[in-house]
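Topology and contacts: notes
The primary structure of each chain is shown beneath.
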Amino acid sequence: MKISEKWLRQWVNPNLSAEQIGEQLTMAGLELDDLTRVAKDFSGVVVGEVLTVEQHPDADKLKVTTVNVGDAGNGEPLQIVCGAPNVAVGIKVPVALVGAKLPPATNDDKPFNIKKGKLRGLESNGMLCGGSEIDMDDGVDGLLILPNDAPIGQDIRGYLGLDDHVLDISITPNRGDCFSIRGIARELAVNNKLPFQRPFDEVQVTPTTQDSVAVSVETSDCPRYLAQAVSGLNGKVPSPDWIKQALSASGVNPRNVLVDITNYILLELGQPLHAFDADKIVGNITVRHAKAQETLQLLNEQNITLT
């Protein structure tokens with residue numbers, strides 16, 4: 001089970017390093033298989049806002065930009081020459097300042113130092129960064145576009161949670177109570193004699209819809225299965241960055257806001273959840289074992305035969 005150190009510390013925050021937490025969990029019977037950092041070491045990269053974009057007079061593929069990096073640039077906009085295809089006025093992006101050290105492309109390379117220089121005759125005071133420059137796989141050819149509310153001048157490692165560690169813990173079958181952030185946090189709280197508390201307030205929600213879906217359980221192997229209809233949701237709203245960061249650190253790919261929320265609750269509380277599209281449910285939800293030679297189409301459109 002992979003969990004985010006920062007997520008875990010929201011529940012309980014012992015005065016221990018990530019390595020010491022892993023050692024303590026191992027001695028408690030929750031063996032640490034691996035401990036990795038979310039991103040390689042780098043420094044000197046902050047949130048910046050592109051103020052102007054003009055064509056470079058001597059290079060078709062280069063643009064001359066001015067970028068606001070707040071106090072990180074002594075309050076003055078920086079002129080930075082950029083060749084990214086998606087650079088535009090008003091976007092917020094990671095900005096590597098002069099003196100920044102970016103992570104090497106491979107483990108054998110040396111860190112890449114950002115220096116003040118000239119590109120085709122024009123001064124450039126830094127570099128606008130894509131995800132790959134800060135060890136993030138964002139799948140975008142060009143700059144990493146940050147949310148509009150990203151605070152100008154903030155260190156990008158802190159803003160994107162790139163100082164986080166991922167603990168890969170081997171949970172034995174008899175410790176089902178530890179298949180969650182809450183379970184691991186409870187174990188750490190006991191071992192360190194620390195208070196154990198939820199990082200959120202519980203809110204009791206009373207259903208207001210009369211819509212319902214009938215559920216029948218046909219096997220004693222499933223002791224309980226509950227369904228609740230929820231209406232008025234917009235599945236096209238993007239998931240908050242903090243949810244996507246927590247899921248990614250836990251080895252789960254973000255998909256859409258409804259799937260991400262249910263996965264987040266599953267990982268945090270250990271409560272299995274699934275969101276169905278009510279328009280696609282035909283008849284009742286029936287919980288049962290498979291029938292011999294019954295076929296099922298998976299989400300990746302693969303067809304399998306069940307036993």
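Structural data are supplied above this passage.
In this report, we go over the structure that sits alongside the text. (Residues numbered from 1 in each chain as written. Predicted model: local features only at pLDDT ≥ 70, side-chain atom pairs only at ≥ 80, totals over all residues. Heavy atoms only, no water.)

**Section: the environment of Asn-191**
For Asn-191, the position within the fold is in helix α4 (residues 181–192). Taking C-alpha positions, Asn-191 is 8.1 Å from Gln-24, a pair spaced 167 residues apart along the chain. Filtering out sequence-adjacent residues up to four positions away, Asn-191 remains in contact with Gln-24 and Ala-28. (Helix = DSSP H or I, 4+ residues; strand = E, 2+ residues; numbered from the N terminus. Contact = heavy atoms within 4.5 Å.)

**Here we look at unusual backbone geometry**
The phi angle of most residues is negative, glycine excepted, and most peptide bonds adopt the trans form. Residues other than glycine seldom take positive phi values, yet Asp-135 does so here, at roughly 60 degrees. You can see Asp-135 is positioned in the loop between β10 (127–128) and α3 (156–159). One non-glycine residue, Glu-301, adopts positive backbone phi at about 70 degrees.

**Some thoughts on the layout of surface pockets**
Of the pockets and cavities examined, the second largest pocket occupies roughly 1,100 Å³. Contributing to the lining of the second largest pocket are 40 residues, with Met-136, Leu-160, Lys-244, Gln-245 and Ser-248 lying nearest its centre. When residues of the lining of the second largest pocket are assigned to their parent elements, the largest contribution, 7 residues, is made by helix α5 (residues 241–249). Class assignment of the residues belonging to the lining of the second largest pocket gives a composition of 20 nonpolar, 10 polar and 10 charged. (1 Å grid on protein atoms, 1.4 Å probe; cavity = no way out; pocket = protein on both sides within 12 Å on 5 of 7 lines; lining within 4 Å. Points joined across faces, edges and corners; volume = space filled by probe spheres on them. Nonpolar A, V, L, I, M, F, W, Y, C, P; charged D, E, K, R; others polar.)

**A closer look at the side chain of Ser-250**
If you trace the backbone, Ser-250 turns up in the loop between α5 and α6 (257–269). Overall, Ser-250 belongs to the buried group, its relative accessible area being 8%. Here Ala-246 takes part through its backbone oxygen, which lies 3.0 Å from a polar atom of the side chain of Ser-250. What Ser-250 contacts, discounting residues up to four positions off in sequence, is Lys-2, Ile-3, Ser-4, Trp-7 and Leu-267. (Buried < 20%, exposed > 50% of the residue type's maximum accessible area, 1.4 Å probe, protein only. Polar contact = N/O pair within 3.5 Å; in protein donor to acceptor, adjacent residues only side chain to side chain.)

**Brief notes about the packing of α5 against α6**
Two numbers describe how α5 lies on α6: the axes approach to 10 Å, and their chain directions differ by 55 degrees. In terms of axis orientation, α5 runs oblique to α6. Crossing handedness for the pair α5 and α6: left-handed. Where α5 abuts α6, its residues Trp-242, Ile-243, Lys-244, Ala-246 and Leu-247 lie against Asp-260, Ile-261, Asn-263, Tyr-264 and Leu-267. Residues belonging to the contact of α5 with α6 are distributed by class as follows: 7 nonpolar, 1 polar and 2 charged. (Axes fitted to C-alpha atoms, helices over the stretch in contact; angles between N-to-C directions. Parallel < 35°, antiparallel > 145°, perpendicular 65-115°, else oblique. Left-handed = near helix turned anticlockwise from the far one by under 90°.)

**Description of the pattern of salt bridges**
Under the criterion given, the structure shown has 10 salt bridges. Between Arg-9 and Glu-5 there is a salt bridge, with the nearest N and O atoms lying 2.8 Å from each other. Note that Arg-9 and Glu-5 are positioned in helix α1 (residues 5–9) at a spacing of 4 residues, about one turn of the helix. Across the pair, exposure class does not vary: Arg-9 and Glu-5 are buried alike. (Salt bridge = Lys/Arg side-chain N within 4 Å of Asp/Glu carboxyl O.)

**Overview of the sheet that holds strand β1 (residues 2–4)**
Here 3 strands make up an open sheet; going across it, the order is β1-β11-β2 and the pairing antiparallel. At either end of the open sheet lies a strand with only one pairing partner, and these are β1 and β2 (31–37). The sheet shows a mean angle of 25 degrees between the axes of neighbouring strands, direction not considered. Bridge analysis of β2 against strand β11 (residues 165–170) gives 6 bridges, and the strand direction is antiparallel. Bridge pairing in β11 places Thr-36 opposite Val-166. (Pairing = 2+ DSSP bridges.)

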